[in-house]
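As a plain string of letters, each chain reads:
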Amino acid sequence: MTLSQDLQALINAECAKPYSHNVILRVQSGDKRVDFKGSAGTTAPDTRFAIASISKMFTATLILQLADAGQIRLDQTVQSILPDVDLSGLHIVKGVDYSAELTVRHLLHQTSGLADYYESNLAADLKQGKDRHYDLDDVLQMTRALPPQAAPDSGKSFYSDTNYQLLGAVIEKVSGQSFDQALKARICQPTGLTDTKVLQGSDVGLPLHHHNTLLTIPRILASMAPDGGIISTLDEMLLFLRAYMQNRLFKPENATQARQWNRLFLPVQYGYGLMRIKLPRWMTLFRATPELIGHSGASGSFAYYAPEQDIYLIGSFNQTDAPQRPIGFMLQVLRLVAKHKALK
C-alpha cells in the first residue's frame with residue numbers, strides 16, 4: 001500500500017470507532033514530498049470546520065504583532081489597556097486581589113492562575129447543545145463565580161479560556177478593530193487565507209457532536225472568538241501553521257519566548273498560545289516519541305508541527321468527548337510516515 005492508502009485506512013479505522021462521525025486529516029512534509037488530505041465519514045476533506053482552541057494561536061500571533069509594532073508591552077497590565085473594563089474582584093487568591101496586576105504576558109502564557117470561565121455551566125450547556133450568546137461582561141461574571149486556580153506567576157501554566165477572552169479585548173482596544181477584522185487584516189490577508197474567520201451566522205461547517213448528540217451551537221462558538229471561535233479549512237490551517245512555524249507572522253526573536261514551556265498537564269506543556277507534546281519515556285515503554293508543537297481543541301481539532309520529521313499535521317474528530325484523542329492518532333500518523341520513508 002502507498003502512504004496515502006495507509007493514511008486513508010487509518011482515518012477510516014478511526015471513524016469506525018464509537019461516537020466517531022467524521023474524521024479529517026491533512027499531512028504535509030516541509031519539502032511537500034509527503035502530501036495527504038483525506039476524510040472519513042459523511043464529509044469531504046475541504047469542508048470548513050471549527051478549529052476550537054487552535055484559535056489561541058491566532059490570538060497569540062495578533063498580540064505578538066502588536067508588541068512588535070510597539071503598541072503594547074507584554075509586561076503591561078491588562079487594566080491599563082482596558083481602563084473601561086472592571087476587573088476588580090476577578091482574581092482573588094487567599095484574600096489578595098491580583099486583578100489589577102495581571103499582565104498581557106500572564107494571559108498569553110496562561111500563568112495568570114485565573115479561573116476558566118468555560119468550566120462554569122457553559123461546558124455542560126455546550127455538550128447538551130444548549131446554545132446561547134455571551135460577551136466579555138458575562139465571561140468576567142462567570143469567572144468571578146469560580147475559584148481561582150493559583151496566584152499569578154506560580155511557576156506553572158493553568159489553562160484558562162478567560163485569559164484569551166481578555167486578550168481578544170486587548171486586541172480590539174489597541175487595534176481599533178473587531179477581533180474578526182484584526183484577524184483578517186493582520187493574518188488572513190497577508191497569508192492568503194480566504195475561508196478563515198470568526199464564526200458568523202449559523203453555518204458552523206463540519207457538524208460537531210458530543211457522543212451521538214449533534215451540537216447546534218453557533219452562538220456559543222461565535223462568542224468564543226479569541227479563545228475558540230474561528231472556523232477554517234485543512235488547507236488554510238496548513239498555510240497558517242507553516243507561516244507560524246517559519247516565523248513569517250511576527251519577528252523571529254518572538255519564536256524563542258513563545259517557546260518558554262511551562263508544565264500544563266501531562267503530557268502537555270504551554271508557551272505563548274502554543275502547546276508542546278512530548279511523551280515521557282515511562283509512558284512509551286522507554287521508546288522515544290516525536291516532539292509536537294502547535295495546539296489542540298476541545299472538539300478533537302489539532303494543528304501541530306513535528307520538527308524532527310519536518311511534518312505538519314492538521315485535522316479534527318469534531319467530537320467533544322475525548323479532546324486528548326489526537327495525541328495518539330498523530331503519533332500513529334508519524335509512524336506510518338516513518339515506515340514508508342524507511343522503505344524507500
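Everything below is about the structure shown above.
Just so it is clear, the structure is predicted and the values come from calculations on it, not from any experiment. (Residues numbered from 1 in each chain as written. Predicted model: local features only at pLDDT ≥ 70, side-chain atom pairs only at ≥ 80, totals over all residues. Heavy atoms only, no water.)

(A) Just the overall build of the protein chain, in detail. Scanning the protein chain from terminus to terminus reveals 13 helices and 15 strands. Taking 2.2 N^0.38 as the reference for a compact globule, 344 residues should give roughly 20 Å; the C-alpha atoms of the protein chain span a radius of gyration of 19 Å, in line with that estimate. Per-residue burial for the protein chain yields a buried fraction of 58% across its 344 residues. Considering only contacts within the protein chain whose residues lie at least 6 apart along the sequence, 68% involve residues at least 24 apart. Just so you have it, the protein chain exposes about 14100 Å², and 51% of that area is on carbon and sulfur atoms. (Helix = DSSP H or I, 4+ residues; strand = E, 2+ residues; numbered from the N terminus. Rg over C-alpha atoms; globule rule 2.2 N^0.38 Å. Buried < 20%, exposed > 50% of the residue type's maximum accessible area, 1.4 Å probe, protein only. Contact = heavy atoms within 4.5 Å. Areas by Shrake-Rupley, 256 points an atom, 1.4 Å probe, with all protein chains shown as cover.)

(B) Representation of the sheet that holds strand 13 (residues 292-296) within the structure. With respect to topology, eight strands assemble into an open sheet ordered 2-1-15-14-13-12-11-10, the strand pairing being antiparallel. Each having just a single partner strand, strand 2 (35-41) and strand 10 (262-265) make up the two edges of the open sheet. Averaged over neighbouring strand pairs, the angle between their axes works out to 25° when direction is ignored. Bridging between strand 1 (residues 22-29) and strand 2 involves seven bridges; their strand directions are antiparallel. (Pairing = 2+ DSSP bridges. Axes fitted to C-alpha atoms, helices over the stretch in contact; angles between N-to-C directions.)

(C) Spatial organisation of the sheet that holds strand 3 (residues 49-50). The sheet built from three strands is open, its strands ordered 3-9-6 with antiparallel pairing. Every other strand in the sheet has two partners, leaving strand 3 and strand 6 (197-198) as the edge strands with one partner each.

Take it as geometry only, folks, not as evidence of what the structure does.
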